[in-house]
Amino acid sequence: MATPRIDLFAHPHQEQRLALFELSKAFCLQATAESQDLEYLVDKLQDTINVIKEHSDNENMFISPLLNAKGLQNENWLDKEHKHMDELLDELESLIIKIRTLHVDQQIDFCSKIYNTLNRFIGNYLLHIDKEEQQIMPLLRQHSTMEEIMGILVAFKAYKEPEVAKAMLPSILSNMTVEERVKMFASIKKHAPAAAYQASLSFTIAG
Ligand SMILES: [Fe+2]
Ligand SMILES: [Fe+2]
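Starting from 1, residues in each chain are numbered consecutively following that chain's sequence as written. Lettering for chains starts from A, numbering for ligands starts from 1, and both go in the order in which the items are written. Note on the predicted model: pLDDT of at least 70 is required for a residue's local features to be given, and 80 or more for side-chain atom pairs to be given and counted; whole-chain, interface and lining totals, by contrast, use all residues.

**A look at the packing of helix H6 (residues 146–160) against helix H8 (residues 178–191)**
Between N-to-C directions, angles span 0 to 180 degrees; the directions come from axes that are lines fitted to C-alpha atoms, helices contributing only their stretch in contact. Secondary structure elements follow DSSP: runs of H or I no shorter than four residues count as helices, runs of E no shorter than two count as strands, and numbering proceeds from the N terminus. One can describe the packing of H6 onto H8 by two numbers: an axis separation of 8 Å at closest approach and a directional angle of 65 degrees. Both H6 and H8 take part in a crossing whose hand is right-handed. Of the residues in H8, those in contact with Glu147, Glu148, Met150, Gly151, Val154 and Ala155 of H6 are Glu180, Lys183, Met184, Ser187, Ile188 and His191. Lys, Arg, Asp and Glu make up the charged group, whereas Ala, Val, Leu, Ile, Met, Phe, Trp, Tyr, Cys and Pro make up the nonpolar group; the residues left over, Gly among them, are polar. Among the residues making up the contact of H6 with H8, the classes are represented as five nonpolar, three polar and four charged. Two helices cross in a left-handed way if the nearer one is turned anticlockwise from the farther one by less than a right angle. They cross in a right-handed way if the turn is clockwise. Here contacts are defined at the residue level, using C-beta atoms placed from the backbone and a cut-off of 7 Å between them.

**Some thoughts on the environment of Val42**
With respect to the helices, strands and loops of the structure, Val42 is situated in helix H2 (residues 38–62). Of the residues examined, Val42 has 21 C-beta atoms within 10 Å and is grouped as buried. Residues Val42 and Leu18, 24 residues apart in the sequence, show an inter-C-alpha distance of 16 Å. Beyond its immediate sequence surroundings of up to four residues, Val42 is in contact with Ile96, Ile99 and Arg100. Whether a residue is buried, exposed or partly exposed follows from its count of other C-beta atoms within 10 Å of its own C-beta, namely 20 or more, 12 or fewer, or something in between, respectively; the C-beta atoms are built from the backbone.

**Section: the nonpolar core**
Buried Ala, Val, Leu, Ile, Met, Phe, Trp, Tyr and Cys residues form a nonpolar core when they are connected through C-beta atoms within 7 Å. Grouped together as the largest cluster of nonpolar side chains are 25 residues, with contacts concentrated most on Ile63, Ile152, Val154, Ala155, Ala158, Ile188 and Ala196. For this core, the secondary-structure elements that each account for two or more residues are helix H3 (64–69), helix H5 (104–143), H6, helix H7 (162–174), H8 and helix H9 (194–206). In terms of residues, this core owes the most to one element, H6, which gives eight residues. Domain start and end points were adopted from an automatic or database domain assignment. Looking at which domains feed residues into this core, each of domain 1 (10–143) and domain 2 (146–206) gives three or more. In this structure, Ile188 is in contact with Gly151, Val154, Ala155, Tyr197 and Ser200, ignoring residues within four places of it in sequence.

**Quick notes on the environment of Ile136**
Here Ile136 lies in helix H5. On the basis of neighbour count, Ile136 is assigned to the buried category, with 21 C-beta atoms found within 10 Å. Along the primary structure Ile136 and Phe9 are separated by 127 residues, whereas in three dimensions their C-alpha atoms are 9.4 Å apart.

Below you can see the structure in the form of structure tokens.
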């Protein structure tokens with residue numbers, strides 16, 4: 001198979017960095033009363049928090065098991081990092097709940113509190129995603145087979161993004177030999193949740 005260079009982290013991280021920097025700028029402007037539509041901004045922050053929390057859950061579910069199987073992380077390092085990130089996000093969510101209760105005159109002042117807390121999170125999160133990109137992904141490439149890494153991608157897409165999977169997986173699978181497919185599905189069965197394995201199988205049959 002002509003192996004595509006799979007990067008499990010780069011694309012979602014790029015989108016998250018962009019969203020976080022835009023939010024940071026917007027809350028900075030809010031804090032100096034140079035911008036409007038706070039409700040929209042607060043909703044957008046909540047959406048971004050939801051996306052990041054789900055992203056962490058996905059990494060725990062689909063990437064951590066392979067890291068553990070290969071002995072590539074001590075004491076569930078990735079899961080612990082995510083727990084810490086979730087705690088920081090919980091703090092931001094409590095500020096979101098609070099600001100929604102405030103009178104409009106008090107909201108502007110409160111924006112600087114959100115701005116500071118958001119930037120504390122961004123500082124921590126940038127280091128976290130950098131570690132995933134610069135340390136975890138190279139370790140996975142070094143110690144895993146192409147079929148194992150492809151298995152993470154296929155299981156994740158089939159289970160969490162079936163519409164995307166429908167468009168993308170048939171061509172990926174058709175470029176794999178029977179032996180490569182067998183190895184990949186064996187890895188999915190071993191390392192991914194049972195429901196994700198079942199969802200992946202439907203694409204084998206379709207592919
Ligand atoms: Fe992560
Ligand atoms: Fe990540």
